[in-house]
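Secondary and tertiary structure notes
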Amino acid sequence: MPRLTREQSKALTRAALIKAARSLFLCKGYQATSLEQVAEEADFSKGAVYSNFRGKEELCLAVLDDINRRELGELLGLLNADTDFDAALAGLESWAERVLGSESWTVLGVDAIAAAHTSPNLREQLARRDQALVGLLAGVLRRSVAAGRVALAGTPEEVAVILIGTAIGLGLQRAINPELRPGLLIQATRALIHPVGPAGSPAGQSETPAART
């Protein structure tokens, strides 16, 4: 088996530390987890942690980025899929059922937000990621509008902010009430995004009196 390069070895160490940190953050909480515990969980020295991350905040952000990369990648892939509107909503509902209120998506995010209350740097980094998420979703919506697939009840940025806020709010509620179904996110989506019919108007919209004469 070929010997790993220094870069490959560093990447494997970093991935192992992120995995260990995620497990501990979810089990013990972000605030209660120390870098020493992360190093021990990953079977590395504390020095290995500091050679990859400047501190616990950067490690937390790396964990969140890793989670978001997978979950958001799936979601954006679904929204970009060339499928009919109802099928896309069904996929969105399935994703929301699995993700909203989950420990990795919601609880860890809340822990990070709570820690950001006393850390301007962490707050700034989380805000940047939130803005990037809004930009990604707004971009998807803008392309769908340009392709003539949907019409929006607002600008792409406004719709993106409302939908993300709704998803986060439902996630927080489901974290304490798992029986809550994510259907409200689908209702909000239907209220803000409308499929466009062949004539270029929202599908299902009745014809105007002038159009029938």
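Quick word on the side chain of S119
When you line up the elements, S119 lands in the loop between α6 (103–116) and α7 (120–146). The class of S119 is buried, set by a relative accessible area of 8%.

Thoughts on the environment of T166
Its place among the elements puts T166 in helix α8 (residues 156–176). Residue classification places T166 among the partly exposed residues on the basis of a relative accessible area of 23%. Through-space distance from the C-alpha of T166 to that of N52 is 35 Å; in sequence the pair is 114 residues apart. The residues contacting T166, other than those within four sequence positions of it, are L185 and A188.

Topic: helix α9 (residues 183–192)
Since the α-helix turns once every 3.6 residues, residues separated by three or four places project in the same direction. Taken together, the buried positions of α9 are occupied by L185, I186, A188, T189 and L192. One face of α9 carries all of its buried residues, which in axial projection span an arc of 160°. Buried-residue contacts for α9 involve α5 (85–99), β1 (150–152), α8 and β2 (193–195).

What to know about the pattern of salt bridges
Counted by the stated rule, this structure contains 11 salt bridges. Across the pair R54 and E58 runs a salt bridge whose closest N-O atoms are separated by 2.6 Å. Residue R54 is classed as exposed on the basis of its relative accessible area of 74%. For E58, a relative accessible area of 24% corresponds to the partly exposed category. Residue R129 is joined to D65 by a salt bridge in which the shortest nitrogen-to-oxygen separation is 2.8 Å. Here D65 lies in helix α4 (residues 56–80) and R129 lies in helix α7, a separation of 64 residues in the sequence.

Remarks on the nonpolar core
Counting 28 residues, the largest nonpolar core has W95, L100 and I193 as its most contacted members. Elements with a contribution of two residues or more to this core: α4, α5, α7, β1, α8 and α9. Setting aside anything within four residues of it in sequence, one finds L100 in contact with W95, W105, T106, A167, L170, G171, R174, P182 and L185.

Here is what the cut-offs are and how they apply
- Residues numbered from 1 in each chain as written.
- Predicted model: local features only at pLDDT ≥ 70, side-chain atom pairs only at ≥ 80, totals over all residues.
- Heavy atoms only, no water.
- Helix = DSSP H or I, 4+ residues; strand = E, 2+ residues; numbered from the N terminus.
- Buried < 20%, exposed > 50% of the residue type's maximum accessible area, 1.4 Å probe, protein only.
- Contact = heavy atoms within 4.5 Å.
- Arc of directions from axis to C-beta.
- Salt bridge = Lys/Arg side-chain N within 4 Å of Asp/Glu carboxyl O.
- Core = buried A, V, L, I, M, F, W, Y, C linked by side-chain atoms within 4.5 Å.

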